[in-house]
Amino acid sequence: MGLLSFIRRTTRSKLVRLPSGSFTLDRDGNIMTSTLPQGFPQAQIQSIGKCVLSAFHHAKKAQMPLSELIVNYSALRILARELRGGAIVFLMPSSGAQPGRRTTND
Amino acid sequence: MSVQQKILLLDDEQDFLDLYQEMLGQHLSMLPEIRTALTGSRALSMLESDKYALLILDLHMPKMDGLQVLAIARRKYPELRVVILTAVRDEQFRSRAYAMGVDQYWIKPETDQEMGLFMESIETLLSSESQGGFRGVHSKSLVDIIQLECLSQSSSVLKISNGAVEGRIWIQNGEVIDADAVGLTSEPAFQRILTWKTGSFEVLPADPGRPRKIFTSYQGLLLNTAQALDEAASQVVAQSDSDVAAASDSTVMLAEISQLRGVEFVLACSVRKKKKTQEFWGIENPKPVSDWMEGAIEQFDQMGESLQVGQLQQIVGTGPQRKVAMARSGDTRLCVGFAADLSVDDLRDTMKTILSKWVS
């Protein structure tokens, strides 16, 4: 009855918008600073940072030290610069270029 | 005897499901069976247990959102048509959904006219599905696909993807009128696309405004291309100055790539029928580099899937001694080293050329 009316709607989804911004990591992968919105999951930021640091580290091990890394996906570009063992990482979502499909009613 | 098509509707609002179940069930000429699911996990288990022609899903849902469902469905059921039907008017989500392979992205209709357009598009999707043949993301002979489109007097645009490389073929009223791929146009582009041995394709709506640049009939085009491919296969290819051991196709390809401006080394790792092969030029000890390349591509691949940002296209690294680019081409992972002073634009263009050579 009255109590049930408080439980009207289920929790809204965690559909997450890709942010545009940057964050810095130390050599241990800890996030030092970030311009990313708070709504973007920390776990995702750490996962990105872990991949980036691993790529820099293993490149160095393979005798190919890198100072910059650009990772291109269909909908996102990641640019990372090595900073004394850590990194600064920029996230740049791609602007939509759709295939020729009938899409919306806008 | 035709089998009744099934559509799966996924949304977290029961009222919406009831409305669209009725509308789709009554107004589509094929009278498909409409089933519904309130959660992503339920929808995935329904997809597991039965064959559906079409999945229509919302984006905003609790626990498992639409992009998560899309990522899983795309991977497990590549033939399944997927339409997003959402209230989310956000360009970023639309481009991510397309990057992840959705067929259509619709905002939930608010007027009769919008509803009519939506129904029409679903009708078109289902009718193309029921005609069978080679729709969707299938690994099929391109020659078969082109012949089918032309014989049926269709007008469409075939988008063919091979890893990071893409091409398009314009078909108008059963005739091939133009093609575009890796910097080539017209007949050369058509011939280049037909040299790709693997990949995926999509049938896009026709582009009636496209000017005609190919005037050869489609039969003539296919014949010319077949002859050109036969001639290329029988030619003796001159080897480069590098110390290449055997004149295998890949080895010759590596030699050709090494001649491109700025290329310092090339490393190609393939896995075919569980057998790993590695070919390289210009690098003394490829193992550490190939380990790094495979690890990096795998990690960034997984990350891309979890971020729902579509396919990993390319990784470019810049160092004091050189630049490095990595990409996947079919079964092969390529790592190319470039001179440090090569500009990013030149690197990108050269990498495109390399990938297009590799897939052909």
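Residue positions within a chain follow its written sequence, with the count starting from 1. Chain A is the first chain written and ligand 1 is the first ligand written, with later ones labelled in order. Owing to the predicted nature of the model, reporting of local features is limited to residues with pLDDT of at least 70; listing and counting of side-chain atom pairs is limited to 80 or more, with chain, interface and lining totals taken over all residues. As a rule here, side-chain values come from all non-hydrogen atoms in the structure, and water together with hydrogens is ignored.

1. Structural notes on the environment of S270(B)
Residues and elements named next belong to chain B.
(1) Moving on: Comment: elements are numbered from the N terminus, with helices defined as DSSP H or I runs of at least four residues and strands as E runs of at least two. Inspection of the secondary structure assignment puts S270 in strand β11 (residues 263-272).
(2) Moving on: Residue contacts are defined here by distance: any two heavy atoms, one from each residue, within 4.5 Å place the two residues in contact. Not counting chain neighbours up to four residues away, the residues in contact with S270 comprise K275, K276, T277, D331 and T332.
(3) Moving on: Any pair of nitrogen or oxygen atoms within 3.5 Å is treated as a polar contact; in protein, a donor-acceptor pairing is required on top of that, and neighbouring residues in sequence qualify only through side-chain atoms on both sides. In terms of polar contacts, S270 uses its side chain to reach the side chain of T332, at 2.9 Å.

2. Notes on the packing of aromatic side chains
All names here are of chain B.
(1) Moving on: Each pair of aromatic rings taken from Phe, Tyr and Trp, with Trp reduced to its six-membered ring, is defined by centres within 6.5 Å and is described as stacked if the planes are under 30 degrees apart, edge-to-face if over 60, and tilted in the remaining cases. For the structure shown, the criterion picks out three aromatic pairs over all chains.
(2) Moving on: Plain terms: the ring middles of Y20 and F118 are 6.0 Å apart, the flat faces sit at 75° to each other, and that makes the pair edge-to-face. Here Y20 is found in helix α1 (residues 14-27), whereas its partner F118 is found in helix α5 (residues 112-130), with 98 residues between them in sequence.
(3) Moving on: Ring geometry for W106 versus F118: centroids 5.6 Å apart, planes at 80°, classification edge-to-face. Pair noted here: W106 is in strand β5 (residues 104-107) and F118 is in helix α5, with a separation of 12 residues, a long-range link. Of the two residues examined, W106 and F118, each falls in the buried class.
(4) Moving on: The rule for a charge over a ring is simple: NZ of Lys or CZ of Arg within 6 Å of the ring centre, and within 35 degrees of the ring normal. The cationic tip of K108 hangs over the ring face of F16; the distance from NZ or CZ to the ring centre is 4.2 Å.
(5) Moving on: Here R210 stacks its cationic end above the ring of W170, 3.6 Å away from the centre of that ring. With a 1.4 Å probe rolled over the protein chains alone, any residue whose accessible area is under 20% of its type maximum counts as buried; one over 50% counts as exposed, and the rest are partly exposed.

3. Concerning the pairing of strand β15 (residues 332-339) of chain B
Residue and element names in this part refer to chain B.
(1) Moving on: With respect to burial, β15 is a largely interior element, seven of its eight residues being buried.
(2) Moving on: As judged from the seven bridges shared by β11 and β15, these two strands associate in the antiparallel manner. Paired with F265 across the bridge in β15 is G337.
(3) Moving on: In this structure, strand β14 (residues 322-329) lies alongside β15, joined through eight bridges in antiparallel fashion. Within the sheet, the bridge partner assigned to A327 lies in β15 and is L334.
(4) Moving on: Strands qualify as paired when DSSP identifies two bridges or more between them. A loop of two residues connects β14 with β15, the two strands running antiparallel in sequence, and G330 in this loop sits at a positive phi of about 65°.

4. Overview of the packing of helix α2 (residues 40-49) of chain B against helix α3 (residues 66-76) of chain B
The geometry of a pair of packed helices is captured by two quantities: the angle between their axes and the separation between those axes.
All names here are of chain B.
(1) Moving on: The N-to-C vectors of α2 and α3 enclose an angle of 10°; their axes lie 10 Å apart at closest approach. It follows that α2 is roughly parallel to α3 by the angle criterion. Of α3, the residues touching α2 (which contributes G40, L44, L47 and E48) are V69, I72, A73 and K76. Here an angle of 0 to 180 degrees is reported between the N-to-C directions of two axes, which are lines fitted to C-alpha atoms, with helices fitted over the stretch in contact. By definition in this entry, angles of less than 35 degrees are roughly parallel, angles greater than 145 are roughly antiparallel, angles of 65 to 115 are roughly perpendicular, and the rest are oblique.

5. Details of the interface of chain A and chain B
Interface size is commonly expressed as the accessible area that is lost once the parts come together.
(1) Moving on: Contact residues are listed per partner, giving 51 residues for chain A and 65 residues for chain B.
(2) Moving on: We define buried area as the total accessible area lost by two parts upon association, computed with a 1.4 Å probe and summed across both. For the pair chain A and chain B, the two sides together bury roughly 5,000 Å², of which 56% comes from carbon and sulfur.
(3) Moving on: Basic side-chain nitrogens of Lys or Arg form a salt bridge, by our definition, when they fall within 4 Å of a carboxyl oxygen of Asp or Glu. At the junction of chain A with chain B, the criterion picks out one salt bridge.
(4) Moving on: Taking the shortest distance from any N to any O, the salt bridge between R17(A) and D90(B) comes out at 2.5 Å.
(5) Moving on: In this assembly, chain A and chain B are joined by 14 residue pairs in polar contact (both at pLDDT 80 or more).
(6) Moving on: Among the elements that make up the side of chain A that touches chain B, the one with the highest residue count is helix α2 (residues 42-61) of chain A (nine residues).
(7) Moving on: Counted by class, the side of chain A that touches chain B contains 23 nonpolar, 19 polar and nine charged residues. Residues were grouped as follows: Ala, Val, Leu, Ile, Met, Phe, Trp, Tyr, Cys and Pro as nonpolar; Asp, Glu, Lys and Arg as charged; and all remaining residues, including Gly, as polar.

6. Some words on the pattern of salt bridges
Residue and element names in this part refer to chain B.
(1) Moving on: Taken as a whole and judged by the stated rule, the model has 21 salt bridges over all chains.
(2) Moving on: With a closest N to O distance of 2.6 Å, D346 and R261 form a salt bridge. Taken together, the residues D346 in helix α11 (residues 344-359) and R261 in the loop between α9 (249-258) and β11 connect sequence positions 85 residues apart.
(3) Moving on: On the basis of relative accessibility, which here comes to 28%, the residue D346 falls in the partly exposed class.
(4) Moving on: Residue R261 is classed as exposed on the basis of its relative accessible area, which comes to 57%.
(5) Moving on: By sharing partners, the salt bridges in this structure join K6, E33, R35 and D50 into a single network.

7. Brief notes about α2(B)
All names here are of chain B.
(1) Moving on: Within α2, burial applies to G40, A43, L44, M46 and L47. Seen end-on, α2 carries its buried residues on one side only, within an arc spanning 160°. In α2, the exposed positions that point more than 90 degrees away from the buried face belong to E48 and S49.
(2) Moving on: Here the buried face of α2 lies against β1 (6-10), β2 (33-37), β3 (54-57) and α3. Regarding the arc, it is the one traced by the directions from the helix axis to the C-beta atoms.

8. Focus: the packing of α2(A) against helix α10 (residues 286-307) of chain B
(1) Moving on: Viewed as axis vectors pointing N to C, α2(A) and α10(B) meet at an angle of 170°, and their least axial separation amounts to 10 Å. On the basis of their axis angle, the class for α2(A) and α10(B) is roughly antiparallel. On α10(B), the residues touching Q44(A), S47(A), I48(A), C51(A), V52(A), S54(A), A55(A), H58(A) and A59(A) of α2(A) are W292(B), Q299(B), F300(B), M303(B), S306(B) and L307(B).
(2) Moving on: When the residues that make up the contact of α2(A) with α10(B) are grouped by side-chain class, the tally is nine nonpolar, six polar and no charged.

9. Topic: helix α6 (residues 142-151) of chain B
Residue and element names in this part refer to chain B.
(1) Moving on: Buried residues of α6: L142, I145, I146, E149 and C150, and no others. In an axial view of α6, the angular spread of the buried residues amounts to 125°, which keeps them on one side of the axis.
(2) Moving on: Positioned one or two residues after α6, Q153 has a phi angle of 55°, which is positive.

10. Points about the sheet that holds β1(B)
All names here are of chain B.
(1) Moving on: Strand order in this open sheet of five strands is β2-β1-β3-β4-β5, and the pairing throughout is parallel. Sheet topology places β2 and β5 at the edges, where each strand pairs with a single neighbour. Strand after strand, the sheet turns through a mean of 20° between neighbouring axes, direction not considered.
(2) Moving on: As judged from the four bridges shared by β3 and strand β4 (residues 81-86), these two strands associate in the parallel manner. In the strand pairing of β4, L54 is matched with R81.

11. What to know about unusual backbone geometry
All names here are of chain A.
(1) Moving on: Positive phi, normally seen in glycine, also occurs at Q63, with a value near 65°.
(2) Moving on: The topology assignment puts Q63 in the loop between α2 and β3 (68-73).
(3) Moving on: Take Q63: its relative accessible area is 61%, and that puts it in the exposed class.
(4) Moving on: Notably, R84 is not glycine yet its phi reads approximately 50°, a positive angle.

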